[in-house]
Amino acid sequence: MRSWRRGIKEMDLILGRFADARLAAMSGEELDGYEALLSENDHDLYAWIAGRAPAPEHLAPLVGRIAEEAGARQG
């Protein structure tokens, strides 16, 4: 639910679709990382996913997966 109710519509769509497609298969550790990602500011998240700013090192792998998933949907 938190993935679909972010604050800015772009992040609702990106994170909501990612969550629907991937959360069920994630490990407990991956889910903890996703939970940490959800606490970040939407504008920062969008900049990281769009490649406009580097993601923090501890979130970079997950941000990359989300960006890849979002890019695959756009193409």
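Refer to the structure printed above.
Rules used throughout
- Residues numbered from 1 in each chain as written.
- Predicted model: local features only at pLDDT ≥ 70, side-chain atom pairs only at ≥ 80, totals over all residues.
- Heavy atoms only, no water.
- 1 Å grid on protein atoms, 1.4 Å probe; cavity = no way out; pocket = protein on both sides within 12 Å on 5 of 7 lines; lining within 4 Å.
- Points joined across faces, edges and corners; volume = space filled by probe spheres on them.
- Helix = DSSP H or I, 4+ residues; strand = E, 2+ residues; numbered from the N terminus.
- Nonpolar A, V, L, I, M, F, W, Y, C, P; charged D, E, K, R; others polar.
- Phe/Tyr/Trp six-rings, centres within 6.5 Å; stacked < 30°, edge-to-face > 60°.
- Buried < 20%, exposed > 50% of the residue type's maximum accessible area, 1.4 Å probe, protein only.
- Contact = heavy atoms within 4.5 Å.
- Axes fitted to C-alpha atoms, helices over the stretch in contact; angles between N-to-C directions.
- Parallel < 35°, antiparallel > 145°, perpendicular 65-115°, else oblique.
- Left-handed = near helix turned anticlockwise from the far one by under 90°.
- Expected span 1.5 Å × (residues − 1).

Caption draft 1: Up close: the layout of surface pockets. Reported here for the second largest pocket is a volume of approximately 150 Å³. Every residue lining the second largest pocket is listed: M26, E30, G33, Y34, A36, H58, L59, P61, L62 and R65. At the level of secondary structure, the elements contributing two or more residues to the lining of the second largest pocket comprise α2 (28–38) and α4 (60–74). The biggest single contributor to the lining of the second largest pocket is α2, with 4 residues. Grouping the constituent residues of the lining of the second largest pocket by class yields 6 nonpolar, 2 polar and 2 charged.

Caption draft 2: Region of the structure containing the packing of aromatic side chains. According to the stated counting rule, one finds 1 aromatic pair in the structure shown. When the centroid spacing of 5.9 Å and the interplanar angle of 25° are considered together, the rings of F18 and Y34 count as stacked. Of this pair, F18 sits in helix α1 (residues 9–22) while Y34 sits in helix α2, and the two are 16 residues apart along the sequence. For F18, a relative accessible area of 1% gives the class buried. For Y34, a relative accessible area of 3% puts it in the buried group.

Caption draft 3: Representation of the side chain of S3 in the model. Looking at where S3 falls in the secondary structure, it is placed in the segment before α1. Overall, the relative accessible area of 4% leaves S3 in the buried class. For S3, the contacting residues outside a window of four places in its chain are M11, D12, L15, G16, A19, Y34 and L38.

Caption draft 4: Highlighting the packing of α1 against helix α3 (residues 42–49). At a minimum axis separation of 10 Å, α1 and α3 run at an interaxial angle of 60°. Our classification of the angle between α1 and α3 gives oblique. The two elements α1 and α3 cross, and the hand of that crossing is left-handed. Between α1 and α3, the contacting residues are E10, M11, I14 and L15 on the first element and D42, L45, Y46 and I49 on the second. Across the contact of α1 with α3, the residue classes tally to 6 nonpolar, no polar and 2 charged.

Caption draft 5: Region of interest: α1. For α1, which comprises 14 residues, the first-to-last C-alpha distance of 20 Å matches the rise-based estimate of 20 Å (1.5 Å per residue) to within 8%. Among the residues of α1, those classed as buried are M11, D12, I14, L15, G16, F18 and A19.

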